[in-house]
Structure formats: C-alpha cells, structure tokens
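Single-letter residue listing:
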Amino acid sequence: MSDTTFQKPDWQPTPANRELLAAMRRRSTEHLQAVLARVFARADDWLFDLAKKDGAPDGSPYLHAMRSLRTSRAPIERGFREHLDEGFSALDRQGLPVAVREERATELALIEVSELEEHLAANLTAEAVMRIHGTQLDELAARLSRMCGVAQLDPAINPVSAISLAGFIRGAHKDVDMPADVRMVLFKYYERELIHDLRDLLTDLNGRLAAAGFHPPAAQKPAARPQQAAPMQAPPMSQDGYAGAASDYGSGSHQAGSAAAPEDRAIYDALFQLLHAWRPDHQAGGTRSQDASGGDQRPMAAPEMMSVLSLLQGSVPASVTEAIRRPDASLAVLLKNELLQSASRIGLPPEKVSISQDDEDAVDLVGMLFDVMFDERDFEEGSRTLISRLVVPFVKAAVMDRRLFLYKTHPARRLLNSLAEACEGNRGEGPQERELLQKAESTVDRLISEFNEDIAIFETLEQELRAFLDQHRRRVELAERRAAEAQRGQERLEQARDLAAKELEQRTRGLKPTPAMEEFLSRSWTHHLSMIALREGPESGSWQTALALADQLLALVPREGQSGKPITPAMHALRDPIEVVLASSGITGEAATEMVRAMADSLELMALGLTPPPVVLPGLDNVVPMPDRRAANVAADLKPRLEVVGGTDNLNVSDDDVELMRQLKVGTWIHIAGEDGKHHPVKLSWVSPISSRLMFVNRRGVRVLVASVEELAAMKQEGNLLVREQENVFDQVLHRVMGKLKTDLA
C-alpha cells in the first residue's frame, strides 16, 4: 500500500502515553521473545529427529543444519528485539521504523532469488496472522490510531501489526548466514507459533489501551472481518447432512466431496439418530443445549465456540481429569459444563449462552469415544494422561468437520489410530518402546501447539507418526520371526523327544529293565535318539544303529522260562556303541566306564534271581529328562487367568468357538485377560505346521501364548479371550459407543 492510504501520527505524547507505550513495549518484547524461543526449540528438535533417521550422525546434513541453527539463534533473537524496540521508538517519534524505510527504499531494486523467497515467506506469515487474529489486530490498530490522533494508522508504523511483526522477523535474519531451507523452515514455525500464541498478547494490549480510554470509533466496534470467521466456521453442511467438500485430506486419503461407502453412511446416520433419541432422557440438568436453553439464551456462534475450545486446548481441562478419576462420570456432560463456564473468558456471560445442537453432537460423541477408550483400552497411567490431552483437539476437529465420524480415512481418525497403536499395551520396558512413547508424546505436543483451524495438521502428524511406526514394526517383525523360529525349534525338539519316547515304550512293553539300564535308556539313549531325529531324521543309519543298541541291551534282560545270554561278553561287545550314546550327553572317560560296569552288574544280579538295588549312575545328573508336554506354554510376563495345558481331551468347548479360533488369520489381534484383570492385546504371529498350535506375541514381538484352537475356545468361553472384528481403535470404540446408546435406549 502507498503512504497516502494511511496517515502518519502527528501528536505530542503525554507522559502517561509514553509510560503506556513503554509498558506495551516491555509486554510485547517478553511475549514475542518467548515465541521465538519456542520456534528455535521446535526447529532444533525437528532437525535432530531427521539427523537420527538419516543414520549418519557424523556426516548428516541435518546435523550441520542444526549447528547452523544454534549458531544463528542469538543474533536472530537480538536482531528481532532491536527491531521491535525501534518500532515502538518510531511510533513515539512519529516516524517510520528503520526496517520499513530500508524496505521501501529497495522496493523496485533487483533482489536475489533467496531474498525473494524470504520476502514471500514474510508476506505469507503476515497474511496467516491477519487471517486468524484480524479482528483483534484491527481493534488494536483502531485504538492506536485514536491515541495518535489519526483516522487510520499506517500498519508499518504500528509495531505490533502483522506486517510489522513479519518485517521485524525478516530484518532479524539479515546478514545471518544460514542454509536457505532451514531459513524457510524457521518462517513456517514463526507462522505457526504466532498464530497459536498471539491472541493473549493482543488481548492484553487492547486491554491496556481500553483502560487508558482509547476506544475504537463506534462504527468499528461491532465490525467483524469476514475472512476471519471463515477458518473458524465448521465446514458447510451438504444436503446429506455432513461437512461439505471445502477441502481435502491430502495424499492417500479420502478426497472431500466423494461419496462415503454405503455401510459407513448407514453407521453414520444410525449413530446420530441414536444420539438424538438418547439425549432428551439423559441430558444432565447442568448442561444447556440449544434445544434446552431458555429464551434469553443464545447458542454460541462457531467462532465463539472455537475460541473457548482454543483456550482449553493448552492443558488438560478439569472435566477430563475428573472423568478419568471417576469412571462413573460422563466426560461429555462435564466437558459441556466447563465449556459454558469458560465462555466468560472471552467476554460471554455463561448464563446467557448455550451450545448449539451440532456442536453438542460433536462434544457428546467425542466424550463418549474417550470414555470408552479410558474404560476398555490397555493404557498405562502415563499413556492415559497423554491420550487425555487429545480430547479438546478432537472436539475442535469434530465441531469443524463432522466427517470425522463418517470417513475411515479422516486424518484425525487415522492419527488417533496411530497414537493408540503406539501407546496401547506399551509399558516402556525397552529402549524401543520408550522411544515410541516419546514420539507419541512429541506428536501430541505438536498437535496441541499447532492445531488452530486447519485439519491438515492431523494429516501431517499422522504421516510422520505412521512412518515412525513403520520403522518400529519392522523391528517388531524381526522379533516375531525370531520368536517363531524359537517356537519351531522347540516343537521339533518336542516331536523328536515324543518319537524317541514312543520307540522306548514299544521296546520296554512287558519288560522290566534293571534300574541302571532304565536310567540309561530314559535319559542318555532317548536324548541321543531325539538328537538324531532332529539332525539326520528317523530314516538315517544312525537312527537304526541306536535302535539296534536298545534292542541288544533289552535282549540281555532275563525273561521267565528263558536262559539268559552271557552278560560279560555281550556287554563288552556293546561297550563302544554305549559310549557313543553317552558321549552325546557329555559323559566320557571313567564316568562312561562306570556306567557300563553298573549296567553289567545289575544284569548279573537279575540273572541270579536277585533284585538289583536302585542306582543313580554318575554323570547322568546333567542329562535333562523329558519335559511334561502338558505344562502351560505361556510367557511369564502375561499369564492368562486360564492355565493353558497341552491336553484337550477334557475341555468342554463349543464347536462354533473352535471353528472361530481355527479361522483366525495370521496378523489378527485378539485380547486375552491377564492377572491384573485387564484384557491385553496380542497378535497371532505364527501357526505351527507341526502341532497346529497358534503362537501369539505382544506389541514388542515377544511370545506370550502358544495354544491349540480348543484351548483358545475354552479361554473365550471363560471370558478370558475377546475377538474384535474391527482392526482400528476408532472403529472399535465407535461401535462400542453405538452399543452403549442402544443399551441405554432399550
């Protein structure tokens, strides 16, 4: 704009006015310096995260950029403070700030491409700030104009106009050596932080000017900027009753304006019908909706509702904390009451306003969704607190865009799914789990600080978190493969031991070997045979040699009515193969000789009709006996209430439940009850080709349960296992909300 459009101040500041300007300068400097500090902190964190992902910490370009950012921070902060001080001084002395004079002197000069990009970034920052805070900025400009004695003050002379603030930021970057891409990232963060945090400063400055008696002209008081209301309004409603096609959700997601799937449309319609039928009989007395309000009350307009929600967004509202502490309380009712009470913070008398039906729909449904999540999902205390911080941003998203409840691809919906995946069942037991929780926390922090009236922030954060989750899943998949390999090895060993035990049982049926021989066969020989089965197979020559040894040894056991074979020559002939078997168990030398002698002596005693004494052969203490396969196959860190055993003969289970368990696909998540009484999510990771048992892992890829379909069916009948059809948390919780509404109505 030209200089002739506005007027320069022509005034003689009084001591009181100078004192007022000095106070405004101190307040603005303090507030805006804090904004810059947050900008640098967020940019530093962003570059550090990129440097870690880059995988080359010493030579990462992001690390070099981070060093440049840290070096530039002090001169940029100092330069901004100097420009801001000079701006207030220029207003006092009735002139243009130095930065503005230099800018206008070079308007027609040729500039470098990098300078042009910086100029455009500053203009975009000013436009974004004006679009969001235009009403307050116009009010402040009108009050300053009144103080300076002009009809309309040049924005370049107003030190806290959007144009001036963006110009001061750009001026602070002058002569600072910094990579161009880092500079552009900083401007984006300036824009976000000013949009998020300028309201409090403008409210304070307007209040100081009003207290000093500087009021805007009467015609300007009720005026509202049309472009200011637009981003705050909920998207327009189309003929079918949901938010209109004013924007899209970004790549890979639903494009606004396309038709919803018929089943999703049916669920959406049924949900709101149930809600509207439920509300009249369950409306708490302290909550005022548009329908329930009296004649002297009006529903809050969309900008007012968004302003109240923005005030509550920075911290967890008291209503949310109380709902978590009191499971019987309704989060929706408590939150609506707090919203009405908080209306006074934007100058609205709480007793004169109510909540419109559309906004109440959003608050009720989001409140019910989080009620179900807090009650039924497996969140640790820290994760519950983190998830509770999402309540207000999701109410804002639902107020702005009711498609949140219609489209499964809505970015807010997908972000909640990703955050739940990162937090649910995550106890932070390992470094990777703690890193995942930290990423979820940083995602919520950014959502709280950056979400104003642009749903696109959900898309951005969801994509970043999903990329991190993809990397985490790859690590978990590696752990799952290792768990499956370990389980497969264990089952092969069990199968080999079973085969060896059957061979021994067949050969000793009807015979009573001596104690020494029984000890040898049940320990060393079965271990040797099972190792042959694993390494060479039951068709190998080694297998046949081991079977022949057992047959030859058992042939030496005296039988009634039969003359026994000479013991000493026979045992001498079998000495070498016996020592081979013993060596496979680590028994050699004198210990092996002693074992052969003990077996020969016991056979001699039995041949003479004497009872050989019980004997523990030296060296056999280290040989592991055959395990009991009926032992529970459950990891120690997640013990189901039902002890799962290997046998299924005595289980009385439903054929339908058995078939349901048999139809589970690899990758399916179910929930099993632990000793703490909660249902914990576990994933079917592998089905054994040997035993047909199913192996389940937790979110870290650690094996927690191996069971047959019959055992799983028994757990389901006991209430210790839940199978949920929907995979995504939002879908599951939404169906639970509909179920609760139907139950209450019935």
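Everything quoted here is computed from the prediction, not taken from an experiment.

Moving on: the overall build of the protein chain. The secondary structure content of the protein chain amounts to 24 helices and seven strands. A fraction of 75% describes how many contacts in the protein chain between residues 6 or more apart in sequence connect residues 24 or more apart. When the accessible area of the protein chain is evaluated, it comes to approximately 35,200 Å², of which 51% is carbon and sulfur surface.

In terms of nonpolar packing, the biggest core is built from 77 residues, with Met 300, Phe 370, Leu 390, Phe 394, Phe 405 and Phe 458 touching the most fellow members. Top contributing element to this core by residue count: helix H12 (residues 357-376), with 10 residues. Leave out the neighbours within four places in its chain, and Phe 394 touches Val 366, Phe 370, Leu 404, Ala 412, Leu 416 and Phe 458. Among the nonpolar cores identified, the runner-up in size contains 53 residues, and Leu 20, Phe 80, Val 160 and Val 176 belong to it.

A rise of 1.5 Å per residue sets the reference length of helix H21 (residues 590-607), with its 18 residues, at 26 Å; its end C-alpha atoms lie 26 Å apart and thus fit the reference within 8%. Looking at the buried residues of H21, the elements they touch are helix H18 (515-535) and helix H20 (567-583). Positive backbone phi, at 85°, marks Gly 609, one or two positions downstream of H21.

Turning our attention to the packing of aromatic side chains. This structure, assessed with the given rule, holds seven aromatic pairs. For the ring pair Phe 187 and Tyr 190, a centre distance of 5.6 Å and an interplane angle of 90° mean the geometry is edge-to-face. Taken together, the residues span about one helical turn, with Phe 187 and Tyr 190 both in helix H6 (residues 180-211) at a distance of three residues. Assessed through its relative accessible area of 3%, Phe 187 is described here as buried.

Right, let's get into the pairing of strand E5 (residues 694-697). The alternating pattern of E5 places Leu 694 and Phe 696 on one face and Met 695 and Val 697 on the opposite face, and all of these are buried. Alignment of strand E4 (residues 679-687) against E5, held across four bridges, turns out to be antiparallel. In the strand pairing of E5, Val 687 is matched with Leu 694. The antiparallel hairpin formed by E4 and E5 contains six residues in its connecting segment, where Ser 692 sits at a positive phi of about 65°. Bridge count between E5 and strand E6 (residues 703-707): four bridges; the pairing is antiparallel. What sits directly across from Val 697, in E6, is Arg 703. Between E5 and the antiparallel strand that follows it, E6, lie five residues; Gly 701 among them carries a positive phi value of about 85°.

So, about the pattern of salt bridges. Close approach of charged atoms allows side chains of opposite charge to pair. In total, this model carries 44 salt bridges according to the counting rule given. In this structure, Glu 491 and Arg 693 form a salt bridge, with 3.2 Å as the shortest nitrogen-oxygen distance. Note that Glu 491 is positioned in helix H17 (residues 456-508) and Arg 693 in the loop between E4 and E5, a separation of 202 residues in sequence. We classify Glu 491 as buried; its relative accessible area is 2%.

Next up on the list: the environment of Glu 191. Here Glu 191 is to be found in helix H6. In contact with Glu 191, not counting residues within four places along its chain, are Leu 124, Thr 125 and Ala 128.

Here we take up the sheet that holds E4. Across the sheet, which stays open at both edges, the five strands sit in the order E6-E5-E4-E3-E7 with antiparallel pairing between neighbours. If you trace the sheet from one side to the other, it starts and ends with E6 and strand E7 (721-723), each paired once. Strand-to-strand twist across the sheet, computed as the mean angle between neighbouring axes with direction ignored, equals 35°. Two strands pair when backbone bridges link them, and strand E3 (residues 669-673) and E7 are joined in this way by three bridges, in the antiparallel orientation. Note on E7: the bridge partner recorded for Ile 670 is Val 723.

This part takes up the side chain of Arg 413. Of note, Arg 413 is situated in helix H15 (residues 411-423). Arg 413 gets classed as buried once you look at its relative accessible area, which sits at 4%. Within the structure, Arg 413 has its side chain in polar contact with the backbone oxygen of Tyr 407 (distance 3.4 Å). Filtering out sequence-adjacent residues up to four positions away, Arg 413 remains in contact with Leu 404, Phe 405, Leu 406, Tyr 407, Lys 408, Phe 730, Asp 731 and Leu 734.

A few words now on the side chain of Ser 342. You can see Ser 342 is positioned in helix H11 (residues 331-342). The class of Ser 342 is buried, set by a relative accessible area of 7%. Excluding residues that lie within four positions of it along the chain, Ser 342 makes contacts with Val 308 and Leu 312.

Turning our eyes to something else, we now look at the confidence of the model for the protein chain. Interpreting fine coordinate detail is not advised for predicted regions of low pLDDT. Mean pLDDT over the protein chain stands at 79; residues scoring 70 or higher make up 80%. The element-level mean pLDDT for the protein chain is lowest in helix H7 (residues 226-232), coming to 34, with helix H14 (residues 391-400) highest at 94. pLDDT under 50 marks residues 104-111. Its contacts with residues more than four places away, or in other chains, come to five contacts.

Let us now look at unusual backbone geometry. One non-glycine residue, Ser 692, lies in positive phi territory at about 65°. Relative to the helices and strands, Ser 692 resides in the loop between E4 and E5. Given a relative accessible area of 48%, Ser 692 falls into the partly exposed group.

Right, let's get into the packing of H20 against H21. As a packed pair, H20 and H21 sit with axes 10 Å apart at the nearest point and diverge in direction by 140°. The two elements H20 and H21 cross, and the hand of that crossing is right-handed. Here Ile 567, Thr 568, Met 571, Arg 575, Ile 578, Glu 579 and Leu 582 of H20 come into contact with H21, specifically with Ala 592, Thr 593, Met 595, Val 596, Met 599, Ala 600, Leu 603 and Glu 604. Class assignment for the residues of the contact of H20 with H21 results in 10 nonpolar, two polar and three charged.

Next up on the list: the packing of H17 against H18. Look at H17 against H18: their axes get within 8 Å of each other, and the N-to-C directions meet at 125°. Between H17 and H18, the angle falls in the class oblique. Here H17 runs over H18; the crossing is right-handed. The residues of H18 that touch H17, namely those facing Arg 492, Leu 493, Ala 496, Arg 497, Ala 500, Glu 503 and Leu 504, are Leu 521, Ser 522, Trp 525, Thr 526, Leu 529, Ser 530, Met 531, Ala 533 and Leu 534. Partitioned by chemical class, the residues of the contact of H17 with H18 number 10 nonpolar, three polar and three charged.

This part takes up the pairing of E3. Remark: a regular strand shows side chains that alternate across the two faces of the sheet. Here E3 lies mainly inside the structure; four of its five residues are buried. Sheet analysis places E3 next to E4, joined by five bridges and oriented antiparallel. Across the sheet, residue Ala 673 finds its bridge partner in E4, namely His 679. The turn linking E3 back onto E4 is made up of five residues, and Gly 677 within it adopts a positive phi angle of 85°.

The rules behind the values
Residues numbered from 1 in each chain as written. Predicted model: local features only at pLDDT ≥ 70, side-chain atom pairs only at ≥ 80, totals over all residues. Heavy atoms only, no water. Helix = DSSP H or I, 4+ residues; strand = E, 2+ residues; numbered from the N terminus. Contact = heavy atoms within 4.5 Å. Areas by Shrake-Rupley, 256 points an atom, 1.4 Å probe, with all protein chains shown as cover. Core = buried A, V, L, I, M, F, W, Y, C linked by side-chain atoms within 4.5 Å. Buried < 20%, exposed > 50% of the residue type's maximum accessible area, 1.4 Å probe, protein only. Expected span 1.5 Å × (residues − 1). Phe/Tyr/Trp six-rings, centres within 6.5 Å; stacked < 30°, edge-to-face > 60°. Pairing = 2+ DSSP bridges. Salt bridge = Lys/Arg side-chain N within 4 Å of Asp/Glu carboxyl O. Axes fitted to C-alpha atoms, helices over the stretch in contact; angles between N-to-C directions. Polar contact = N/O pair within 3.5 Å; in protein donor to acceptor, adjacent residues only side chain to side chain. pLDDT = per-residue confidence, 0-100. Left-handed = near helix turned anticlockwise from the far one by under 90°. Nonpolar A, V, L, I, M, F, W, Y, C, P; charged D, E, K, R; others polar. Parallel < 35°, antiparallel > 145°, perpendicular 65-115°, else oblique.

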